[in-house]
Amino acid sequence: MVIGAITGLVPLVSGLIVFFDPLRRKSRASEFLLVASLNALPEDGSPRKFSVIASRVDAWNKSPQTPIGAVYLRRTGEKAVQALNVVCPHAGCFVDLADEGYSCPCHNSTFALTGQISSPSSPAPRGLDELEVQIRKQTEVWVKFQNFRAGEAAKIPA
Ligand code: FES
């Protein structure tokens, strides 16, 4: 019986290791992704919306070059760019460009161009989520894309 149990356990444990292997792999979330060219951003600092495209890998599936989100980019200097996640931190709707910043169509939160809440009546618990940016090869705008939990005052990675 002991020998039978051991010979049965070896393939079972091996199968479980292979089955759960994708869950142990490192996530590609929050890595820098090429989003746009610096030349596509207006010199006057007005924001432009860009899709963030990446290969999406979850436990057992891999989807090449899929939109995983979007960001507003705007120049803050000759070689400096601010990136804001388009997701409203209240409940997750996508914010729109407004006259002097951004507004959320779902519950009317308003944000300044910098991403800060601009109206005290906004239900959003924090400003828009700013993302890290790197300028590579003089003109490539790379963004460390990440989503954060909605409905929290603190910026907690989702
Ligand atoms: S989801 Fe934006 S204000 Fe509610």
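Data block above holds the structure.
As the structure is a prediction and not an experimental result, all values here were calculated from the model.

Engineer: Could you clarify how one ought to interpret the nonpolar core in this entry?
Structural biologist: Proteins that are soluble and globular tend to have nonpolar side chains buried together. Counting 17 residues, the largest nonpolar core has Val35, Phe50, Val71, Leu73, Leu131 and Val143 as its most contacted members. Apart from residues no more than four positions distant in its own chain, Leu73 is found in contact with Val35, Ala36, Leu41, Ser46, Pro47, Arg48, Phe50, Val81, Gln82, Ala83, Val141 and Val143. Val86, Tyr102, Phe111 and Leu128 belong to the second largest nonpolar core, which has 12 residues in total.

Engineer: When you look at the state of the cysteines in this model, what are you seeing that I'm missing?
Structural biologist: Linking two cysteines covalently through their sulfur atoms gives a disulfide. Per the stated rule, a full pass over the model turns up one disulfide. Here Cys93 pairs with Cys106 through a disulfide, and the sulfurs are 1.9 Å apart. Around the S-S axis, the bridge from Cys93 to Cys106 shows a dihedral of about -100° and counts as left-handed. A residue pair is termed long-range when its members are at least 10 positions apart, and Cys93 in the loop between β4 (80–85) and β5 (96–98) and Cys106 in the loop between β6 (101–103) and β7 (110–112) qualify at 13 residues. You can call Cys106 partly exposed: its relative accessible area is 36%.

Engineer: What am I meant to see in the sheet that holds strand β1 (residues 32–37) here?
Structural biologist: The strands making up a sheet are joined through hydrogen bonds of the backbone, oriented either antiparallel or parallel. Across the sheet, which stays open at both edges, the three strands sit in the order β1-β10-β9 with antiparallel pairing between neighbours. In the strand order of this sheet, the two ends are held by β1 and β9 (133–136), each with one partner. Taken pair by pair, the neighbouring strands of this sheet meet at an average axis angle of 30°, ignoring direction. Pairing analysis gives four bridges linking β9 to strand β10 (residues 140–144), with the strands arranged antiparallel. By the bridge assignment for β10, Val133 is matched with Val143.

Engineer: Teacher, can you tell me more about a nonpolar patch on the surface here?
Structural biologist: A cluster of nonpolar side chains, contributed by Val2, Ile6 and Val10, occupies part of the molecular surface with about 290 Å² of accessible area. Among the secondary structure elements, Ile6 is positioned in helix α1 (residues 2–24).

Engineer: Where do I start with the packing of aromatic side chains in this structure?
Structural biologist: Within the structure shown, the criterion is met by one aromatic pair. In this structure, Arg136 packs its charged tip against the face of Trp142, placed 4.2 Å from the ring centre.

Engineer: Looking at this structure, I do not really get the pattern of salt bridges. What am I missing?
Structural biologist: Side chains that differ in sign of charge can pair as their charged atoms come close. Scanning the model with the defined rule gives four salt bridges in all. The residue Lys144 makes a salt bridge to Glu132 at a minimum N-O spacing of 3.7 Å. Of this pair, Lys144 sits in strand β10 while Glu132 sits in the loop between β8 (130–131) and β9; the two residues are 12 residues apart in sequence, bridging distant segments of the chain. Its salt-bridge partner being Arg149, residue Glu152 comes within 4.0 Å of it at the nearest N-O pair.

What counts, and at which threshold
Residues numbered from 1 in each chain as written. Predicted model: local features only at pLDDT ≥ 70, side-chain atom pairs only at ≥ 80, totals over all residues. Heavy atoms only, no water. Core = buried A, V, L, I, M, F, W, Y, C linked by side-chain atoms within 4.5 Å. Buried < 20%, exposed > 50% of the residue type's maximum accessible area, 1.4 Å probe, protein only. Contact = heavy atoms within 4.5 Å. Disulfide = S-S within 2.5 Å. Helix = DSSP H or I, 4+ residues; strand = E, 2+ residues; numbered from the N terminus. Pairing = 2+ DSSP bridges. Axes fitted to C-alpha atoms, helices over the stretch in contact; angles between N-to-C directions. Patch = residues over 30% accessible without salt bridge, like charges linked within 9 Å, V, L, I, M, F, W, Y side chains within 5 Å. Areas by Shrake-Rupley, 256 points an atom, 1.4 Å probe, with all protein chains shown as cover. Salt bridge = Lys/Arg side-chain N within 4 Å of Asp/Glu carboxyl O. Phe/Tyr/Trp six-rings, centres within 6.5 Å; stacked < 30°, edge-to-face > 60°. Lys NZ or Arg CZ within 6 Å of the ring centre and 35° of its normal.

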